[in-house]
Structures are given as C-alpha cells and as structure tokens.
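Take a look at the letters that make up each chain.
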Amino acid sequence: MSWVTNISSFRDFLSLVIVHAPDEFPEEDYFEPHEQLNLESAFQELQRGVDLLAKSGMRSSSVAELANLLDTSLLAYRTGNDVKGAHLLQELESHAFGSPSAP
C-alpha cells in the first residue's frame with residue numbers, strides 16, 4: 001500500500017513520520033504484520049514524495065537538497081540520534097512546503 005500518492009499526502013505523511021519515527025508508528029489493524037510501517041518503509045514512502053516533488057517541476061538543486069536531508073535523517077535515526085533525525089525531517093518539510101504560518 002502506498003501512503004504517498006500525491007504532494008498533499010506526502011505532506012501529511014511527513015508529519016506522521018516526524019511524530020512517530022523511529023519506532024512508534026501506529027499499528028493499523030487492517031494491515032498484515034509485514035505491511036505495518038517501520039522506519040525503513042516510512043522512508044521509502046518519503047522518498048516517493050521527494051520523487052513527486054521532482055516530477056512537479058521543483059528545481060533539481062532543491063530536489064537534491066531534499067534527498068540529502070532525507071538520507072541524512074535516516075542515517076541519524078539508524079544510529080540512534082532520534083532528535084537529529086526529527087530536526088532534519090522538519091528542515092525537509094520547511095524546504096519543501098515553506099515555514100508554517102504564524103497564527
């Protein structure tokens with residue numbers, strides 16, 4: 001199952017990963033055990049979102065920067081630096097979608 005099917009779902013999924021990575025993803029009762037989200041499958045979906053942004057016409061240098069942030073974040077999570085991983089995903093979110101607007 002694909003979680004990321006368009007840019008809007010990428011943004012939503014990115015928020016989910018920021019909150020739940022690396023190992024607190026919600027268990028969905030309608031998925032088989034092998035279909036449940038984990039760090040690796042979540043980052044595969046995030047890569048799908050970066051690919052969608054590339055296809056949408058985003059500058060290649062910007063897409064490369066997002067891909068680098070994604071790779072560096074995954075490495076941080078894999079090495080136990082969860083705070084750095086989350087901050088890098090937040091930076092990716094800011095680069096991809098702009099800073100959240102003030103209330």
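Check the entry above for the structure.
The rules behind these values
Residues numbered from 1 in each chain as written. Predicted model: local features only at pLDDT ≥ 70, side-chain atom pairs only at ≥ 80, totals over all residues. Heavy atoms only, no water. Helix = DSSP H or I, 4+ residues; strand = E, 2+ residues; numbered from the N terminus. Rg over C-alpha atoms; globule rule 2.2 N^0.38 Å. Buried < 20%, exposed > 50% of the residue type's maximum accessible area, 1.4 Å probe, protein only. Contact = heavy atoms within 4.5 Å. Areas by Shrake-Rupley, 256 points an atom, 1.4 Å probe, with all protein chains shown as cover. Lys, Arg positive; Asp, Glu negative; His and termini not counted. Charge placed at Lys NZ, Arg CZ, Asp CG, Glu CD. 1 Å grid on protein atoms, 1.4 Å probe; cavity = no way out; pocket = protein on both sides within 12 Å on 5 of 7 lines; lining within 4 Å. Points joined across faces, edges and corners; volume = space filled by probe spheres on them. Nonpolar A, V, L, I, M, F, W, Y, C, P; charged D, E, K, R; others polar. Expected span 1.5 Å × (residues − 1). Polar contact = N/O pair within 3.5 Å; in protein donor to acceptor, adjacent residues only side chain to side chain. Arc of directions from axis to C-beta.

Q: Please set out the overall build of the protein residue by residue, giving values where relevant.
A: Broken down by element type, the protein carries four helices and zero strands. Relative to the globule expectation of 13 Å for 103 residues, the C-alpha radius of gyration of the protein, 13 Å, shows essentially globular dimensions. Seen along its three principal axes, the alpha-carbon backbone of the protein occupies a region of about 40 × 30 × 30 Å. Here the protein holds 103 residues, and the buried ones make up 37% of them. A fraction of 62% describes how many contacts in the protein between residues 6 or more apart in sequence connect residues 24 or more apart. Total accessible area computed for the protein in this model is approximately 6300 Å², and 49% of it derives from carbon and sulfur atoms. Averaging the locations of the 6 positively and 16 negatively charged side chains of the protein gives two centres separated by 12 Å.

Q: Now, about the layout of surface pockets: what can you tell me, with residues and values included?
A: There is about 150 Å³ of room inside the largest pocket. Together, Met-1, Trp-3, Phe-31, His-34, Glu-35, Gln-36, Leu-37, Asn-38, Ser-41, Gln-44 and Glu-45 line the largest pocket. Class assignment of the residues belonging to the lining of the largest pocket gives a composition of four nonpolar, five polar and two charged.

Q: With reference to specific residues and values, describe helix H1 (residues 7–20).
A: Between the first and last C-alpha of H1 there are 20 Å, a value that for 14 residues agrees with the 20 Å anticipated at 1.5 Å per step. Residues of H1 that are buried: Ser-9, Phe-10, Phe-13, Leu-14, Val-17 and Ile-18. Buried residues along H1 sit in contact with helix H2 (39–55) and helix H4 (82–97). Capping of H1 at its N-terminal end is provided by Asn-6; its side-chain oxygen lies 3.1 Å from the backbone amide nitrogen of Ser-8.

Q: Could you give me a rundown of H2, with the residues and numbers involved?
A: Given a rise of 1.5 Å per residue, 17 residues ought to cover 24 Å, and the 25 Å separating the end C-alpha atoms of H2 matches this to within 8%. Among all positions of H2, only Leu-39, Ala-42, Phe-43, Glu-45, Leu-46, Gly-49, Val-50 and Leu-53 are buried. Summarising the axial view, the buried residues of H2 lie within an arc of 155 degrees, below the 170-degree limit, and thus occupy one face. Seen from the buried face of H2, the exposed residues on the opposite side, beyond 90 degrees, are Gln-44 and Lys-55. Contacts made by the buried residues of H2 are with H1, helix H3 (60–78) and H4. At the C-terminal side of H2, Gly-57 shows a positive phi close to 105 degrees.

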